[in-house]
Amino acid sequence: MAGLAFAVWLPNKYVALIAPFVLYEAMWLALGKIPVLNPIYLMRGDDLNNYPLSGFMECIYILLASFVVMWGLKRRYRNG
């Protein structure tokens, strides 16, 4: 989903391929002290000792990426 969001906003296909990995690593480093938001801890729910919280946070990230994709698609559609 993040790759699609970058592809909608940036015309370079290589940036759209690499940017999700850069974003993931940046989130991992920036949110290292906050395990609830850190994506490395969300891969396995047992790291947080709460599977529903892990699933909820993943759903929030997917919804945020979906909103960015829809916003970019609307912008591209208006510009022709």
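This text follows the structure it describes.
What you are looking at is a predicted structure, and each value in this text was computed from that prediction instead of being measured. (Residues numbered from 1 in each chain as written. Predicted model: local features only at pLDDT ≥ 70, side-chain atom pairs only at ≥ 80, totals over all residues. Heavy atoms only, no water.)

**Considering the overall build of the chain**
- When helices and strands are counted, the chain shows four helices and zero strands.
- Starting at the N terminus and ending at the C terminus, the chain contains elements arranged as α-α-α-α.
- Since a compact globule built from 80 residues should have a radius of gyration of about 12 Å, the 15 Å found for the chain marks it as more spread out than a globular shape.
- Each of the three principal axes of the chain carries a C-alpha extent, and together these read 50 × 20 × 15 Å.
- Restricting to contacts in the chain with at least 6 residues of sequence separation, those with at least 24 account for 38%.
- Surface accessibility of the chain: about 6000 Å² in total, with carbon and sulfur atoms responsible for 72%.
- Once the 7 positive and 4 negative side-chain charges of the chain are each reduced to a mean point, those two points are 20 Å apart. (Helix = DSSP H or I, 4+ residues; strand = E, 2+ residues; numbered from the N terminus. Rg over C-alpha atoms; globule rule 2.2 N^0.38 Å. Contact = heavy atoms within 4.5 Å. Areas by Shrake-Rupley, 256 points an atom, 1.4 Å probe, with all protein chains shown as cover. Lys, Arg positive; Asp, Glu negative; His and termini not counted. Charge placed at Lys NZ, Arg CZ, Asp CG, Glu CD.)

**Structural notes on a nonpolar patch on the surface**
- Among the surface-exposed residues, Tyr14, Leu17, Ile18 and Val22 lie close enough to one another that they form a single nonpolar patch of about 440 Å² accessible area.
- Relative to the helices and strands, isoleucine 18 is located in helix H2 (residues 13-30). (Patch = residues over 30% accessible without salt bridge, like charges linked within 9 Å, V, L, I, M, F, W, Y side chains within 5 Å. Salt bridge = Lys/Arg side-chain N within 4 Å of Asp/Glu carboxyl O.)

**What to know about the packing of helix H1 (residues 2-9) against H2**
- Two elements in contact, H1 and H2, have axes whose closest approach is 8 Å; the angle formed by their N-to-C orientations is 125 degrees. Considering their axes alone, H1 and H2 lie oblique with respect to each other. Helix-helix and strand crossings are classified by hand; for H1 and H2 the assignment is right-handed. Judged by residue contacts, Ala2, Gly3, Phe6 and Ala7 of H1 engage Ala16, Ala19, Pro20 and Leu23 from H2.
- Class assignment of the residues belonging to the contact of H1 with H2 gives a composition of seven nonpolar, one polar and no charged. (Axes fitted to C-alpha atoms, helices over the stretch in contact; angles between N-to-C directions. Parallel < 35°, antiparallel > 145°, perpendicular 65-115°, else oblique. Left-handed = near helix turned anticlockwise from the far one by under 90°. Nonpolar A, V, L, I, M, F, W, Y, C, P; charged D, E, K, R; others polar.)

**A closer look at the environment of lysine 74**
- Note on placement: lysine 74 falls in helix H4 (residues 51-79).
- Between the C-alpha atoms of lysine 74 and leucine 23, which are 51 residues apart in sequence, the distance is 23 Å.

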